[in-house]
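The lines below spell out each chain.
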Amino acid sequence: MQLAQDKLSNENYYSKEMNLQYMSVSQFKSFMDCEARTMAELDGSYKRPDSNALLVGSYLHSYFEGKEAFENFIEEHNGSIFKARGGKYSDFETADRMIETLKSDPFVNFALEGDKEQIYTADLFGAKWKIKVDNINHDRKFFSDIKTTQDLHKRYWSDKYDGWVSFVESWDYVLQMAVYRRVLQECLGFTFTPYIVAVTKENPPNKAVIHFDESRFDFEYEYIEMKMERVLEVKNEKAKPTRCEKCDYCRATKRLDNTIEVGELIYI
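Everything quoted here is computed from the prediction, not taken from an experiment.

Trainee: I keep staring at the packing of aromatic side chains and nothing clicks. Help me out?
Mentor: To describe a pair of aromatic rings, one takes the distance between the centres and the angle between the planes. Within this structure, the stated rule accounts for 19 aromatic pairs. On the numbers, 6.2 Å between centres and 40° between planes, the contact of Phe 28 with Trp 129 is tilted. Here Phe 28, found in helix H2 (residues 25-33), pairs with Trp 129, found in strand E2 (residues 127-137); they are 101 residues apart in sequence, far enough to count as distant. The exposure class of Trp 129 is buried, given its relative accessible area of 0%. An aromatic cluster is present here, built from Phe 28, Phe 125, Trp 129, Tyr 161, Phe 219, Tyr 221 and Tyr 223 joined pairwise through their rings. Just above the ring of Tyr 22 sits the side chain of Lys 128; from NZ or CZ to the centre is 5.1 Å. Note that Lys 130 overlies the ring of Tyr 13, its terminal NZ or CZ placed 4.3 Å from the centroid.

Trainee: For this particular structure, what's the right way to read the environment of Tyr 14?
Mentor: Relative to the assigned elements, Tyr 14 resides in the segment before helix H1 (16-21). Residues Tyr 14 and Ile 266 lie 252 residues apart in sequence; the distance between their C-alpha atoms is 36 Å.

Trainee: Where do I start with the packing of helix H4 (residues 52-65) against helix H7 (residues 90-103) in this structure?
Mentor: For any two helices packed against each other, one specifies the inter-axial angle together with the distance between the axes. Relative to each other, H4 and H7 sit at 35°, their axes nearing to 10 Å. As for how H4 packs across H7, the hand of that crossing is right-handed. Residues Asn 52, Leu 55, Val 56, Tyr 59, Leu 60, Tyr 63 and Phe 64 of H4 pack against Asp 91, Phe 92, Ala 95, Asp 96, Met 98, Ile 99, Leu 102 and Lys 103 of H7. Split by residue class, the contact of H4 with H7 holds 11 nonpolar, 1 polar and 3 charged.

Trainee: For this particular structure, what's the right way to read the pairing of strand E3 (residues 142-149)?
Mentor: Within a regular strand, the side chains alternate between the two sheet faces. Counting buried positions over the 8 residues of E3 gives 7, a clear majority of the element. Pairing between E2 and E3: 3 bridges, direction antiparallel. Paired with Asn 137 across the bridge in E3 is Phe 142. Connecting the antiparallel pair E2 and E3 is a turn made up of 4 residues, with Lys 141 showing a positive phi of about 55°. Relative to strand E6 (residues 193-200), E3 is paired through 8 bridges, and the arrangement is parallel. Note on E6: the bridge partner recorded for Asp 145 is Ile 196.

What counts, and at which threshold
In this convention, every chain numbers its residues from 1, walking through the sequence in written order. Confidence filtering applies because this is a predicted model: local features only for residues at pLDDT of at least 70, side-chain atom pairs given and counted only at 80 or more, and all residues used for totals across whole chains, interfaces and linings. The basis for every side-chain value is the complete set of non-hydrogen atoms in the structure, without hydrogens or water. Pairing of aromatic rings covers Phe, Tyr and the six-membered ring of Trp, with a centre-to-centre limit of 6.5 Å; geometry is then stacked below 30 degrees between planes, edge-to-face above 60, and tilted otherwise. Only DSSP runs of H or I covering at least 4 residues are called helices, and only runs of E covering at least 2 are called strands; the numbering of each starts at the N terminus. Burial here depends on accessible area, computed with a 1.4 Å probe over protein chains only, as a share of the maximum for the residue type. Under 20% is buried, over 50% is exposed, and the range in between is partly exposed. Comment: the charge-over-ring label is applied if NZ (Lys) or CZ (Arg) is within 6 Å of the ring centre and within 35 degrees of the ring normal. Lines are fitted to the C-alpha atoms to define the axes, a helix being fitted only along its stretch in contact, and any angle between axes, read from their N-to-C directions, falls within 0 to 180 degrees. What makes a crossing left-handed is the near helix being turned counterclockwise from the far one by less than a right angle; a clockwise turn instead makes it right-handed. Only heavy atoms enter the contact rule, under which two residues are in contact if any of them lie within 4.5 Å. In this classification, Asp, Glu, Lys and Arg are treated as charged, Ala, Val, Leu, Ile, Met, Phe, Trp, Tyr, Cys and Pro as nonpolar, and every other residue, Gly included, as polar. DSSP bridges decide pairing: two strands pair if at least two such bridges lie between them.

Bear in mind that shape data such as this cannot, by itself, settle questions of function.
Okay, here's the thing in structure tokens:
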């Protein structure tokens, strides 16, 4: 395998063409959430509403990508960041506190040393995958990703894990790190160690650098392998996508044809 920079770039990485050609972690997770919405996004008939939380996350990520990337982001999204009468909206003031919390910590800076926004591809689980690594350190053989969360220690119920889990499992960041690790092994021939640099939206923000016991990755690989046959059947239009009837797309396109009994409300 090899770097895909001759095909993929920051400019076309999220394009419809590349999303059709490649599987990605976000696309796989989207299929797990709702097949119908994912297919509508892939064929261009549906676009998710813009999320301020995603914009704030991108603002924070762009700061650590570099000065030029941060300045370009602010210029592009100026109206969403700054109020007409001056000053930033509260979400971005919070993001500035999160940035200050991270950049002032020497251990965080150590965990974020490396090349930024690197693109790699590999054939895994019957599909071509693409990844964009936030930060990769080739000398020390690790990669890291900044994640924001409400509270480092908040618990979430997970059907996938059949139990209470942290935000890392709840948002499938273990799956993300597992895929990135495998793609890098295929591309570079080395095992890279993943870390999450987490920062909270509290005032003042909390922070942590999180590592993974390797046994966690085996579960994720088995999970992906178990789900991929169905995902590829749907993506290649060999099977009809299933509607979740809960997401934004399903709510917007929902057509009733029957009644439901009261008890079904909490089980559907």
